[in-house]
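Structural features, examined
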Amino acid sequence: MSKTTDERGRIYLPKDVRDRFGDQYRIVELPSHVALFPVDEDPLEGLRAAVGDAFAETEADKLKTESRKAISREVQEEAEDRTQDGEA
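So, a few notes on the structure that sits alongside this text. Please read these numbers as outputs of a predicted model, since none were measured by experiment.

The rules behind the values
- Residues numbered from 1 in each chain as written.
- Predicted model: local features only at pLDDT ≥ 70, side-chain atom pairs only at ≥ 80, totals over all residues.
- Heavy atoms only, no water.
- 1 Å grid on protein atoms, 1.4 Å probe; cavity = no way out; pocket = protein on both sides within 12 Å on 5 of 7 lines; lining within 4 Å.
- Points joined across faces, edges and corners; volume = space filled by probe spheres on them.
- Helix = DSSP H or I, 4+ residues; strand = E, 2+ residues; numbered from the N terminus.
- Nonpolar A, V, L, I, M, F, W, Y, C, P; charged D, E, K, R; others polar.
- Domains from an automatic or database assignment.
- Patch = residues over 30% accessible without salt bridge, like charges linked within 9 Å, V, L, I, M, F, W, Y side chains within 5 Å.
- Areas by Shrake-Rupley, 256 points an atom, 1.4 Å probe, with all protein chains shown as cover.
- Salt bridge = Lys/Arg side-chain N within 4 Å of Asp/Glu carboxyl O.
- Buried < 20%, exposed > 50% of the residue type's maximum accessible area, 1.4 Å probe, protein only.
- Pairing = 2+ DSSP bridges.
- Lys, Arg positive; Asp, Glu negative; His and termini not counted.
- Charge placed at Lys NZ, Arg CZ, Asp CG, Glu CD.

Points about the layout of surface pockets
A volume near 430 Å³ is recorded for the second largest pocket. Around the second largest pocket, the lining comprises 13 residues; the ones closest to its centre are Arg26, Val28, Glu74, Val75 and Glu78. Where the lining of the second largest pocket is concerned, the elements lending two or more residues are strand 1 (25-29) and helix 3 (60-87). For the lining of the second largest pocket, the element with the most residues is helix 3, which contributes 8 residues. Among the residues making up the lining of the second largest pocket, the classes are represented as 7 nonpolar, 1 polar and 5 charged. Counting contributing residues per domain, the lining of the second largest pocket is built from domain 1 (13-56) and domain 2 (58-87), each supplying no fewer than three.

Re a nonpolar patch on the surface
Nonpolar side chains collect at one region of the surface, where Ile27, Val34 and Leu36 lie side by side and expose about 300 Å² of accessible area between them. One can find Ile27 in strand 1. Overall, Ile27 belongs to the exposed group, its relative accessible area being 59%.

A look at the pattern of salt bridges
Counted by the stated rule, this structure contains 3 salt bridges. Its salt-bridge partner being Lys15, residue Asp19 comes within 3.1 Å of it at the nearest N-O pair. One end of the pair, Asp19, and the other, Lys15, are both in helix 1 (residues 15-21), 4 residues apart, so they sit about a helical turn from each other. On the basis of relative accessibility, which here comes to 55%, the residue Asp19 falls in the exposed class. With relative accessibility at 52%, the residue Lys15 sits in the exposed group. In this structure, the salt-bridge partner of Arg82 is Glu78, at a minimum N-O distance of 2.8 Å.

Some details on the pairing of strand 1
Of all 5 residues that make up strand 1, 0 are buried, and the element is exposed over most of its length. Note that strand 1 and strand 2 (residues 34-38) share 5 bridges and pair antiparallel. Within the sheet, the bridge partner assigned to Tyr25 lies in strand 2 and is Pro38. In this antiparallel pair of consecutive strands, strand 1 and strand 2, the connection spans 4 residues.

Regarding a negative patch on the surface
On the surface, a cluster of negative charge is contributed by Asp23, Asp40, Glu41, Asp42 and Glu45. As for its placement among the helices and strands, Glu41 is situated in the loop between strand 2 and helix 2 (43-51).

Below you can see the structure in the form of structure tokens.
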């Protein structure tokens with residue numbers, strides 16, 4: 001599927017895409033492209049649906065804390081990689 005932005009930079013997703021994936025998306029910038037990832041209304045429920053009962057015995061607060069730590073590590077590593085690329 002190919003879409004272009006309007007004069008304000010907006011992209012309109014077709015109704016069938018919105019019906020299938022929802023109305024909220026996370027925009028992720030990758031080295032070669034930009035990707036849209038649907039965001040569940042209840043992200044924890046979306047995680048449970050994706051991984052089954054792998055986290056059944058884990059409390060939501062612990063999952064949130066571990067996820068935030070992992071995201072912080074990834075952001076820090078990406079920042080370090082960018083710094084190294086800029087210095088090379």
